[in-house]
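# Descriptive analysis of the structure
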Amino acid sequence: MQFIDLKTQQERIRPQIDAAIQRVLEHGRYIMGPEVFELEKVLAEFVGVEHCVSCSSGTDALLLPLMAYDLGSTDAVFTTPFTFFATPEAIALAGGVPVFVDIDPDTYNMNSVKLLETIEAVESEGRLTPRGVVPVDLFGVPADYDEIIPIAKEHGLFVLTDSAQSFGAEYKGRRMPGLGDVGATSFFPAKPLGCYGDGGAIFTNDSELAGTMRSMRVHGQGEDKYNNVHIGLNGRLDTLQAAILLEKMKIYPEEIDLRQKVARMYIERLGAIASLSRIPNIPDDCRSVFAQFCIESDRRTVIQAALEAADIPSPIYYAKPMHKLDAMQGVAYSDPAGFPVAEGASERIFALPFHPYLSENDIDRIVEVIADCG
Ligand SMILES: *Cc1c(COP(=O)(O)O)cnc(C)c1O
């Protein structure tokens, strides 16, 4: 069984994708062709923000706003230790210091009470200057922005949402990544909305920030393209990827609905299995896009072995919290007491196959294997 089946979706819209690729081959504007700007318009409208700046990956979508914020080597940016490496990596690459804040056990997202405590601890220590917060919408569930944003504003911090896993998810009726000062998403093929290569996008209502990021994605070019005004990147989205995304966007709202259906089928069945200590529990005012469907059990080793024997993949997101990674030693600031919630989750969590086209039969088969583990 496939963990994420991209083939069924491709078969569904293959003629449209072929035609879109053909159009790009014919006009030949491979870099910043018309599809790039058309896609930015479609995405900005879908999310409900003024500006969408497309770029070459989800990592660059984090890096570009962080570069625009011009971080110094003693600037603290608060984020979570339970995420993909790109989140703290981008903060460090942009010149800042990632400062970790433990998560909420139900959503795996940043704990806002811990955020406030950590900001105050950094302020009173006086070695680092708090500058920003990068909450992560893990597994497709938006972080608790009504708690996080006021805390950030009170302390003069920017909020950049890492919405690489949550494009199109909803928080109290608002679509991600449309909250905070600026939001980043990824179109890596396995993300909820994926292209056929690397891609990403940044969303904001801040016109000045959008302008700086547009310049930075093309080597910081100025009005006169031979006068560079910033240190930037080669960070553009390919025209071909934009053309593919435009076709995928046409069915994405329907796919988000299918994701709810698949999640409901799983949750109904898994709820009865006593060996599972946690199954997804989406906050009432949120709609997840289920980038991953993760569950927890103290009997993970046994369950994963049974799943593997049945040819059902069950990868672990994330086996090691960020503060334990070699690359973060001496780079990030971590509470010496560690992050018990993130560490506990990493010992019990594993993911089940999930995509909009997963059949009820397959779900039944997966659940049966888990139930049979006792
Ligand atoms: C995938 C991911 C990224 C990076 O996106 P890429 O497009 O692979 O560069 C960043 N943050 C999180 C939470 C992710 O899941």
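A brief report on the enclosed structure follows. This one's a predicted model, so the numbers in the text were calculated from it and none came from an experiment.

### What about the sheet that holds strand β7 (residues 174–175)?
Sheet strands line up and pair through hydrogen bonds in the backbone, either parallel or antiparallel. A sheet is described by the order of its strands in space; here 3 strands give the open sequence β7-β6-β11, paired in antiparallel fashion. With partners counted over all chains shown, the strands left at the sheet margins are β7 and β11 (286–287), one partner each. Where strand β6 (residues 170–171) meets β11, 2 bridges bridge the pair, whose relative direction is antiparallel. Its bridge partner being in β11, Y171 is matched across the sheet by C286.

### A short note on the site of the ligand
Around the ligand, a shell composed of 15 residues is seen, among which G58, T59, Q165, S186 and K191 lie nearest. Within the side chain of S186, a nitrogen or oxygen atom sits 2.6 Å from an oxygen atom of the ligand. Take K191: an N or O atom from its side chain is 2.6 Å from an oxygen atom of the ligand. Elements supplying a minimum of two residues to the shell around the ligand: α3 (58–68) and α4 (86–93). Among the residues forming the shell around the ligand, the class breakdown is 5 nonpolar, 8 polar and 2 charged.

### Quick word on the environment of S56
Structurally, S56 is set in the loop between β1 (51–55) and α3. A residue is classified by how much of its surface remains accessible, and S56, at 17% relative accessible area, is buried. Taking C-alpha positions, S56 is 29 Å from L358, a pair spaced 302 residues apart along the chain. Not counting residues up to four positions away in its chain, the partners in contact with S56 are D198, G199, G200, N234, G235, R236 and L237. Within polar-contact distance, the side chain of S56 engages the side chain of D60 at 2.6 Å.

### Regarding the environment of K261
Along the chain, K261 turns up in helix α9 (residues 252–270). C-alpha of K261 to C-alpha of G58: the two residues are 203 residues apart in sequence and 27 Å apart in space.

### Comments concerning the pattern of salt bridges
Inspection of the entire model under this criterion finds 19 salt bridges. Between R23 and E247 there is a salt bridge whose closest N-O contact spans 3.5 Å. Of this pair, R23 sits in helix α1 (residues 7–27) while E247 sits in helix α8 (residues 239–249); the two residues are 224 residues apart in sequence, bridging distant segments of the chain. Classification of R23 by relative accessible area gives partly exposed; the value is 43%. Using a relative accessible area of 9% as the deciding quantity, one classes E247 as buried. Sharing partners across several salt bridges, the network here consists of D106, R278, E296 and R348.

Quick notes on the rules
Residues numbered from 1 in each chain as written. Predicted model: local features only at pLDDT ≥ 70, side-chain atom pairs only at ≥ 80, totals over all residues. Heavy atoms only, no water. Pairing = 2+ DSSP bridges. Helix = DSSP H or I, 4+ residues; strand = E, 2+ residues; numbered from the N terminus. Near = heavy atom within 4 Å. Polar contact = N/O pair within 3.5 Å; in protein donor to acceptor, adjacent residues only side chain to side chain. Nonpolar A, V, L, I, M, F, W, Y, C, P; charged D, E, K, R; others polar. Buried < 20%, exposed > 50% of the residue type's maximum accessible area, 1.4 Å probe, protein only. Contact = heavy atoms within 4.5 Å. Salt bridge = Lys/Arg side-chain N within 4 Å of Asp/Glu carboxyl O.

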